Amino acid sequence: MRIAVTGSIATDHLMVYPGRFADQLIADRLDRVSLSFLADTLEVRRGGVAANIAVGLARLGLAPVLVGAAGKDFAEYDAWLQNNGVDTRSVRVSETLHTARFVCTTDADQNQIATFYAGAMAEARHIDLAPVAERGGVTLAVIAPDDPRAMLRHAETCRATGLSFAADPSQQLARLDRAETRLLVEGSRLLFTNEYEAALLKERTGWTHDQVLDRTGTWITTLGAGGVSVARRDRPTLRVAAVPTDAALDPTGVGDAFRAGFLAGAARGLPLESAAHLGCALATLVLETVGTQEYKLVPVDLLRRIGRHYGAPAKALVEPLVGDLA
């Protein structure tokens, strides 16, 4: 399976505030918030949801096609992605705008306050996914957070051409109205949300849980430390626990890593539960690293985590995929 990952390409500015955001909030003054947090550290890292997922897929042995819009400052990032196994030939490079920026502060409780500047991402709406898929032999497209018009265009292209797609609206649910959210979900092979986004998606679409499942093949919901649920119509919901760690450093990009692991497992024919095991293990690896693409994937360590937490049979199912990377 060749996977095209559409969505944001960005530079992350990651800061850490040693206190708790909640301690600075006054319950009856939330309509007049004016706060400044003194951060202890600043890390400038490569990021963007689509780029993060694509790097994860490449490290798990696939050859993903990255589809998105970047800025005139993209050359160095482009070289990094290519050196890490990502096909960037379908990235649109703006002549005037800078690559998108994600500025995020994380507190001591792993809560986050973030701002995203779209920049060149706004030009993603001009990308036609059909020739990209045909040229690259793509059999699955991931529609990750991006310019909203681009996301809707890609979903329509997939339906029109019969290309399977995974819908991952994530933070762009805040920008999509009812009709747009329904169009993004309709006909998807996979649907990704976190727990909050799952509730928001039902509110946005006006659909019940079962009605959402009528319109997608599989709905995967990440639950943070609670792991993940995998729901399908008229089948029991799978529950997979997270891989625990005592070394959490930065939650940025953890969901992207889960998606990469899950998609890589599914693409290589693993059962959905095993794909979720791989996704959860990769997510914890990223949680233990500052930066969304800076982690080192050591196959023996990844398999050890899966075996320790999910058991020897689970490790045996994943080993043929991960063992090839050694």
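**Q** Please set out the packing of aromatic side chains residue by residue, giving values where relevant.
**A** Summed over all chains, the structure comprises six aromatic pairs. Ring centres of Tyr17 and Phe21 lie 5.8 Å apart, and the angle between their planes is 5°; this geometry places the pair in the stacked category. A single burial state applies to Tyr17 and to Phe21, both of which are buried. An angle of 55° between the planes, with centres 4.9 Å apart, marks the rings of Tyr17 and Phe37 as tilted. With a gap of 20 residues between them, Tyr17 in the loop between strand 2 (10-16) and strand 3 (41-47) and Phe37 in the loop between strand 2 and strand 3 connect regions that are remote in the sequence. Accessibility expressed as a relative area gives 23% for Phe37, which makes it partly exposed. Aromatic ring contacts, followed pair by pair, group Tyr17, Phe21 and Phe37 into a single cluster.

**Q** Please provide a residue-by-residue account of the sheet that holds strand 2, values included.
**A** The sheet built from four strands is open, its strands ordered 3-2-7-8 with mixed pairing. Since the sheet does not close on itself, it has two edges, and those belong to strand 3 and strand 8 (112-117), each with one partner. Averaged over neighbouring strand pairs, the angle between their axes works out to 15° when direction is ignored. Across six bridges, the pairing between strand 7 (residues 100-106) and strand 8 is antiparallel.

**Q** Run through the environment of Ala51, naming residues and quoting values.
**A** Assignment of secondary structure puts Ala51 in helix 1 (residues 49-59). Ala51 gets classed as buried once you look at its relative accessible area, which sits at 0%. Excluding residues within four positions of it along the chain, Ala51 makes contact with Ser8, Leu66, Tyr77, Leu81 and Gln293.

Rules and cut-offs
Every chain's residues receive numbers from 1 upward, in the order its sequence appears when written. In view of the model being predicted, local features appear only for residues whose pLDDT reaches at least 70, and side-chain atom pairs are presented and counted only at 80 or more, with totals across whole chains, interfaces and linings using the full set of residues. Hydrogens and water molecules were not included; the side-chain quantities draw on all heavy atoms of the structure. Aromatic pairing here means that ring centres of Phe, Tyr or Trp (its six-membered ring) are within 6.5 Å. Orientation follows from the plane angle: under 30 degrees is stacked, over 60 is edge-to-face, and everything else is tilted. Here the term buried applies to any residue with accessible area under 20% of the maximum for its type, exposed to any over 50%, and partly exposed to those in between, with areas from a 1.4 Å probe on protein chains only. Only DSSP runs of H or I with at least four residues qualify as helices, and only runs of E with at least two residues qualify as strands; both kinds are numbered from the N terminus onward. Two strands qualify as a pair provided DSSP detects at least 2 bridges between them. Where helices are involved, their axes are fitted lines through C-alpha atoms of the stretch in contact, as for all axes, and angles between N-to-C directions lie from 0 to 180°. A contact between two residues is defined here by any heavy atoms of the two lying within 4.5 Å.

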